[in-house]
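Letter by letter, the chains look like this.
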Amino acid sequence: MITFLNRFTLTGDPEEFEKAFDETAAFLREQPGLIKYTLSRQLDDPASYINIALWESADALRAALAHPDFGNHAKAMRGLAESTGAIFNPRLSFEA
């Protein structure tokens, strides 16, 4: 399992961004390997969001992002926010 973190800094309307994110996420939910994701908005900076997604593997994530239809789904988000992303391997975890 891998964790994909994607940080967004809004350049557009928050409601439009969340709608565009949800539409892109609907596409990604149909792709093999997605386990779960959480989009969170920073409390002290409402123009800052982070998406934390768990995928079965880096290959599954890369295949989803390389899908020919992904660009069409992500286009609206890209018009509303700048983003940076990275893939992480879990090292330590805790569940209460």
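Scoring rules and cut-offs
Residues numbered from 1 in each chain as written. Predicted model: local features only at pLDDT ≥ 70, side-chain atom pairs only at ≥ 80, totals over all residues. Heavy atoms only, no water. Core = buried A, V, L, I, M, F, W, Y, C linked by side-chain atoms within 4.5 Å. Buried < 20%, exposed > 50% of the residue type's maximum accessible area, 1.4 Å probe, protein only. Helix = DSSP H or I, 4+ residues; strand = E, 2+ residues; numbered from the N terminus. Contact = heavy atoms within 4.5 Å. Expected span 1.5 Å × (residues − 1). Arc of directions from axis to C-beta. Polar contact = N/O pair within 3.5 Å; in protein donor to acceptor, adjacent residues only side chain to side chain.

Under an unreviewed UniProt entry, the protein chain has the name Heme-degrading monooxygenase HmoA and belongs to Lentzea albidocapillata.

Caption draft 1: The nonpolar core, seen in detail. By size, the foremost hydrophobic cluster in this structure holds 22 residues, and its most contacted members are Phe 8, Phe 17, Phe 21, Leu 28, Trp 55 and Met 77. For this core, the elements supplying multiple residues, two or more each, are β1 (2-10), α1 (14-29), β3 (48-55), α2 (58-66) and α3 (70-78). With six residues, α1 is the single largest residue contributor to this core. Once residues within four sequence positions are removed from consideration, Phe 17 is found in contact with Phe 8, Leu 10, Leu 39, Tyr 49, Met 77, Leu 80 and Ala 81.

Caption draft 2: Examining the environment of Ile 35 more closely. Looking at where Ile 35 falls in the secondary structure, it is placed in strand β2 (residues 34-41). Between the C-alpha atoms of Ile 35 and Leu 54, which are 19 residues apart in sequence, the distance is 5.3 Å. The residues contacting Ile 35, other than those within four sequence positions of it, are Met 1, Leu 54, Trp 55 and Glu 56.

Caption draft 3: Spatial organisation of α1. The end-to-end C-alpha distance of α1 is 22 Å, a good match for the 22 Å that 16 residues give at a rise of 1.5 Å each. Turning to α1, its buried residues number three or more, namely Phe 17, Ala 20, Phe 21, Thr 24, Ala 25, Phe 27 and Leu 28. Viewed along the axis of α1, the buried residues span an arc of 150 degrees, placing them on a single side of the element. Of the residues in α1, the exposed ones pointing more than 90 degrees away from the buried face are Glu 15 and Lys 19. Residues of α1 that are buried sit in contact with β1, β2, β3, α2, α3 and β4 (81-88). Its side-chain oxygen placed 3.1 Å from the backbone nitrogen of Glu 15, Asp 13 serves as the N-cap of α1.

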